[in-house]
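# An overview of the molecular structure
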Amino acid sequence: MPEAPKNTAEIDEMKNNNIKALEFIEDVTTNAEEVQKRVLFEILSRSAHVEYLQRHGLDGHTDRETFKKVMPVITYEDLQPDINRIANGDTSPIISAHPISEFLTSSGTSGGERKLMPTIEEELQRRSLLYSLLMPVMNQYVPGLDKGKGMYFLFIKSEAKTPGGLVARPVLTSYYKSSYFKERPFDPYTNYTSPNETILCQDSYQSMYSQMLCGLYQNNQVLRVGAVFASGFIRAIRFLQKHWTLLCNDIRTGTIDIQITDPSVREAVLKILKPDPELADFIETECSRESWKGIITRLWPNTKYVDVIVTGSMSQYIPILDYYSNGLPLVCTMYASSECYFGLNLKPLSKPSEVSYTIIPTMAYFEFLPIEKNNGVTNNSISVPNSLNEKEQQELVDLVDVKLGQEYELVVTTYAGLYRYRVGDVLRVAGFKNNAPQFNFICRKNVVLSIDSDKTDEVELQNAVENAVNHLIPFDASLVEYTSYADTSTIPGHYVLYWELRHDGATIIPPSVFEDCCLTIEESLNSVYRQGRVSDKSIGPLEIKIVETGSFDKLMDYAISRGASINQYKTPRCVKFAPIVELLNSRVLSNYFSPKCPKWVPGLKEWYNQN
């Protein structure tokens, strides 16, 4: 772990670094247009001879006008043939003048498999830069954070190797395993209760247990708590509910449970842990209470805020976070993805519904595709066409030219070889920091269901349901209508499908058939969902609820009573509005769960098919 500063000079240096960071933000947001021009010039000049740019006729030009005229706006599917060549071992400069160092596996999918985002070594510097800006911003709003620690639940995930030998892994796993994280100098924002060894432990149970143990033992030093996503932090609290007796025993005796077998984890934890019966009694008393309301402020009394992402689909977890934390501020610090790190929240104590992220213009070259208001906004999922005509390509605007209140899809050109790439995030301009826009994150385009990092779109859900209803054919039964719901009242959350059936056969459909339907749906969903079920345990078994005949007519009646047009009404494929969920739940005849986990292995299917 990084050591705390030992003298006044080190503390002064830390303060100076904070000042420099704030000055940097001020400078790049004031000069956003000049910075963006420079970024595009740097990217295009150093990659002038790469195959991808040559193929599209850029011919060494580095000016914005030519770039926009000849380079197409693309999706992952357009780039996939080049990605596959790199994954299979082609080391020629296909998309980047710098060697592709690894692939970052996106939580978005293509053809049911994770997308592979190319990256280069220097991108780690850019990501580290953004992390270094977080604490100086936070310090302006919550002083004194250098006097304690953060209890953050951070985990690495499975990684695979491409046929060409490149590592493919999630962006945070890449960062946590890098020297930028493991050998980081002391910074109050990265002074965690969890030793590196507990974060880098491959076994999710051992990692969670040891991180929770260290967090409990150092409870009075904890000034902030968090995880990457709200769902991950809630899983940690639920883990504590299940295992607090074991954890108390370890604190009472100064030992670590025998289920924690990783030697490096045991050694790192036992350096911290000493017998503390008084603390064990305190934790036992609090965890034994009937209500867990405010458990965070009860066990970690000096906590000032909860640092988790609660924008987008994570907003569904806000009520339970408020319950556990007694309404502590929920702080979303930064906006990033596998494709690129984008920006940060300069007003971290704003309400979750008002969070806006300021794009840092040095991170990449940014463009924005305007989204028309009549594009069909349903259930917080915006449907955006995948292919753009020539006129739509010309409508893209630059970072400094976006309009207040307008919604856009984000398009990036990165140092690592993405050119005019559609990220798939829908953003709304909320304001400006100097000349750099600030955005509310609205949603991922076309996504209807999400529990954790999974993203299931309507087409994928439809295909999965079609596969499942084949189990009903022998019973002369068919699916009349369906919808879905992301149920986060359970931990972990799980997908619920409401099915209305027509059953003409005389034979009763046995429960095992519906369980087979559940499993078939799960087997048909993307690899991110299946990893969440199998490896990360971040998603619970899928549930099918059979509803009474006429339930979806009632749903339509309800929508029409609230002003929907009877001519334009169509059944929503996902529901979130509480009265609609209550209506459907009131008409449930029976329910069934997936009997086991779907199949999943790290990496892409075709990599294994080659062996």
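Here goes a summary of the coordinates provided.

So, how was this worked out
- Residues numbered from 1 in each chain as written.
- Predicted model: local features only at pLDDT ≥ 70, side-chain atom pairs only at ≥ 80, totals over all residues.
- Heavy atoms only, no water.
- Buried < 20%, exposed > 50% of the residue type's maximum accessible area, 1.4 Å probe, protein only.
- Helix = DSSP H or I, 4+ residues; strand = E, 2+ residues; numbered from the N terminus.
- Arc of directions from axis to C-beta.
- Pairing = 2+ DSSP bridges.
- Axes fitted to C-alpha atoms, helices over the stretch in contact; angles between N-to-C directions.
- Polar contact = N/O pair within 3.5 Å; in protein donor to acceptor, adjacent residues only side chain to side chain.

## Some remarks on helix α20 (residues 551–561)
All of the buried residues along α20 are Ser551, Phe552, Leu555 and Ala559. Along the long axis of α20, the arc covered by the buried residues comes to 95 degrees, so they all point the same way.

## Examining the pairing of strand β10 (residues 341–344)
Alignment of strand β9 (residues 334–336) against β10, held across three bridges, turns out to be antiparallel. Bridging across to β10, Ala336 finds its partner in Tyr341. Here two bridges tie β10 to strand β11 (residues 357–359), and the two strands are oriented antiparallel to one another. Across the sheet, Gly343 pairs through a bridge with Ile359, a residue of β11.

## Some words on the sheet that holds strand β22 (residues 494–503)
Pairing is mixed in the open sheet, where four strands are placed in the order β21-β22-β23-β24. A single partner strand is all that each edge strand has here, and the edge strands are β21 (477–487) and β24 (588–593). Ignoring strand direction, the axes of neighbouring strands in this sheet form an average angle of 25 degrees. Pairing analysis gives 10 bridges linking β21 to β22, with the strands arranged antiparallel. Bridged to Ser478 within β22 is Arg502.

## A closer look at the environment of Arg184
Along the chain, Arg184 falls in the loop between α8 (179–182) and α9 (196–199). Spatially, the C-alpha atom of Arg184 lies 9.8 Å from that of Ser128, the residues being 56 residues apart in sequence. Polar side-chain contacts of Arg184 include one of 2.6 Å to the backbone oxygen of Phe181.

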